[in-house]
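Each chain, written out:
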Amino acid sequence: MVKNNRIQTLAELTKGYHTVLDIGTDHGLVLLEAFKKNFIQTAIASDIREKPLNQARRNLEGYPVSFVLSDGFLQINQPFDLAIISGMGARLIRKILTHAPKDKTFVLQANDKHEELRRFLNDHHFEIIDERVIFDQFYYVIIIVKYGKMDLTETDLYLGPILRTKPEAKSYYEFKRRQYETILPKVSGTRKKQIEKIINFFKQETNTST
Ligand SMILES: C[S@@+](CC[C@H](N)C(=O)[O-])C[C@H]1O[C@@H](n2cnc3c(N)ncnc32)[C@H](O)[C@@H]1O
C-alpha cells in the first residue's frame, strides 16, 4: 500500500463506484491503490501523453484496465461512473471539464487556484457535493462535484462551501491566511484591498470554527 496520503485519499473516494476513469493518470498510482483495496471493479487509465500512459500500463498490469491516449474526455468512448482529474492546475482542470459528460461524478484535485475552480463550477452548472483537505507535505484540496446548481458567495469561493463546515479545514485556513499575509506588504491599491478581504475570510473562519 502506498504511504502517500493524497493518493490514498483519492483512491478512497472511488469506493462504491464500478468503473473509474482517471484522466491524466501518469503512473496510474491512484487506480493501483483503488484496485489493491478492492474499491473498484474496472478502470480507464487515460493520459494525453504516450510515455506516462505506458508507465501506467506497466504499473497496472494484470488489472482490468483500458488504456486510452486522450486529451481530457475527448477520446473517451467507454462508459464510466466516476472521473478523477487530479494533480493538475485549476486552469487545465477547467479546460478538461468543458467537455465533461453531464451524468457523472467528478473528483477534482487542483494544485492551485481553488477559488477560480469553484467559480468555474458555479458558473457552469456543477454542484459541489463534498470537499476534503489533506496534508501530505503540502495541503491538498479535493472537490467532488456533479452536475447541478449552486450559488456560491465570494467567501465560499475561497473557503469552500462544504470545507468550511469541517473542523479539519481550520489549520489549512490558518496556513492560507499566513500565506496571504506575506503577500500583503508587496501589493498596493485595489490588489491590497482584495488581499485584505481574503485574509478576513480566512480569519473569520479560524476564529469561529471549533
Ligand atoms: C502531474 S500528473 C498527475 C498525475 C496523477 N493524476 C496524480 O494525481 O498524481 C499530470 C498528468 O496529466 C497529464 N495531462 C496533462 N494534460 C492533459 C489532458 N489535457 N488530458 C489528459 N491528460 C493530461 C500529463 O501528461 C500528466 O501525466
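Just so you know, these numbers come straight off a predicted model, no measurement behind them.

Overview of the overall build of the chain
Then comes step 1: Within the chain, the secondary structure is distributed over eight helices and seven strands.
Then comes step 2: At 18 Å, the chain has a C-alpha radius of gyration in line with the 17 Å of a compact globule built from 210 residues.
Then comes step 3: By principal-axis analysis of the C-alpha atoms, the chain measures approximately 55 × 35 × 30 Å.
Then comes step 4: For the chain, the share of sequence-separated contacts (at least 6 apart) that also reach a separation of at least 24 residues comes to 54%.

Things to note about the packing of helix H4 (residues 90–97) against helix H5 (residues 114–123)
Then comes step 1: For the pair H4 and H5, the least separation of the axes is 9 Å and the interaxial angle reads 20°. Compared by their axis directions, H4 and H5 come out roughly parallel. In this structure, the crossing between H4 and H5 has a hand that is right-handed. Each of Ala90, Ile93 and Arg94 in H4 lies in contact with H5, whose residues at this interface are His114, Glu116, Leu117 and Phe120.
Then comes step 2: The residue inventory of the contact of H4 with H5, partitioned by class, reads four nonpolar, one polar and two charged.

Points about the pairing of strand S3 (residues 65–69)
Then comes step 1: In this sheet, S3 lies alongside strand S2 (residues 42–47) in parallel orientation, the contact comprising five bridges. Within the sheet, the bridge partner assigned to Ile44 lies in S3 and is Ser66.
Then comes step 2: In the classification by handedness, the crossover that spans S2, the intervening helix H3 (residues 50–59) and the parallel S3 is right-handed.

Concerning helix H1 (residues 5–12)
Then comes step 1: Here H1 has its buried residues at Arg6, Ile7, Thr9, Leu10 and Ala11.
Then comes step 2: Tucked into the core, H1 has its buried residues touching helix H2 (29–36), strand S4 (82–88), strand S5 (105–110), strand S6 (126–136) and strand S7 (138–147).

Overview of the domain arrangement of the chain
Then comes step 1: In terms of domains, the chain is made up of domain 1 (5–157) and domain 2 (166–210).
Then comes step 2: Domain 1 and domain 2 are separated by 28 Å when their C-alpha centres are compared.

Observations regarding the site of the ligand
Then comes step 1: Close contacts around the ligand come from 15 residues, with Gly24, Asp26, Ile48, Ser86 and Gly87 the closest.
Then comes step 2: If you list the elements that add at least two residues to the shell around the ligand, you get S4 and H4.
Then comes step 3: Residue classes in the shell around the ligand are distributed as six nonpolar, five polar and four charged.

Re the nonpolar core
Then comes step 1: Formed by 56 residues in total, the largest nonpolar core has its most connected members in Val20, Leu31, Ile84 and Leu108.
Then comes step 2: With six residues, H2 is the largest single contributor of residues to this core.
Then comes step 3: Formed jointly, this core draws a minimum of three residues from each of two domains, domain 1 (5–157) and domain 2 (166–210).
Then comes step 4: If sequence neighbours within four positions are ignored, Ile84 has contacts with Leu10, Val20, Asp22, Ile23, Val30 and Val107.

Let's talk about the sheet that holds S3
Then comes step 1: In spatial order, the strands read S3-S2-S1-S4-S5-S7-S6; together these seven strands make up an open sheet with mixed pairing. Where the open sheet ends on each side, the last strands, each with one partner, are S3 and S6. Neighbour to neighbour, the strand axes of the sheet diverge by 20° on average, direction disregarded.
Then comes step 2: Looking at chain direction, S5 and S7 are connected through four bridges and run antiparallel. By the bridge assignment, Leu108 is partnered in S7 with Ile143.

Comments concerning the packing of H1 against H2
Then comes step 1: The contact between H1 and H2 brings their axes to 8 Å, and the two run at 60°. One element, H1, and the other, H2, form an angle in the oblique class. For the crossing formed where H1 meets H2, the hand is right-handed. Packed against H1, whose contacting residues are Ile7, Gln8, Leu10 and Ala11, the element H2 presents Leu29, Val30, Glu33 and Ala34 at the interface.
Then comes step 2: Taken together, the residues of the contact of H1 with H2 break down into six nonpolar, one polar and one charged.

Remarks on the environment of Ala45
Then comes step 1: Secondary-structure assignment places Ala45 in strand S2.
Then comes step 2: Between the alpha carbons of Ala45 and Ile183 there is a distance of 39 Å; along the sequence they are 138 residues apart.
Then comes step 3: In contact with Ala45, other than residues within four places in its own chain, are Asp22, Thr25, Gly28, Leu31, Leu53, Ala56, Leu60, Val65 and Phe67.

Rules used throughout
Residues numbered from 1 in each chain as written. Predicted model: local features only at pLDDT ≥ 70, side-chain atom pairs only at ≥ 80, totals over all residues. Helix = DSSP H or I, 4+ residues; strand = E, 2+ residues; numbered from the N terminus. Rg over C-alpha atoms; globule rule 2.2 N^0.38 Å. Contact = placed C-beta atoms within 7 Å. Axes fitted to C-alpha atoms, helices over the stretch in contact; angles between N-to-C directions. Parallel < 35°, antiparallel > 145°, perpendicular 65-115°, else oblique. Left-handed = near helix turned anticlockwise from the far one by under 90°. Nonpolar A, V, L, I, M, F, W, Y, C, P; charged D, E, K, R; others polar. Pairing = 2+ DSSP bridges. Right-handed = clockwise from strand over helix to strand, strands pointing away. Buried ≥ 20, exposed ≤ 12 C-beta atoms within 10 Å, placed from the backbone. Domains from an automatic or database assignment. Near = placed C-beta within 6 Å. Core = buried A, V, L, I, M, F, W, Y, C linked by C-beta atoms within 7 Å.

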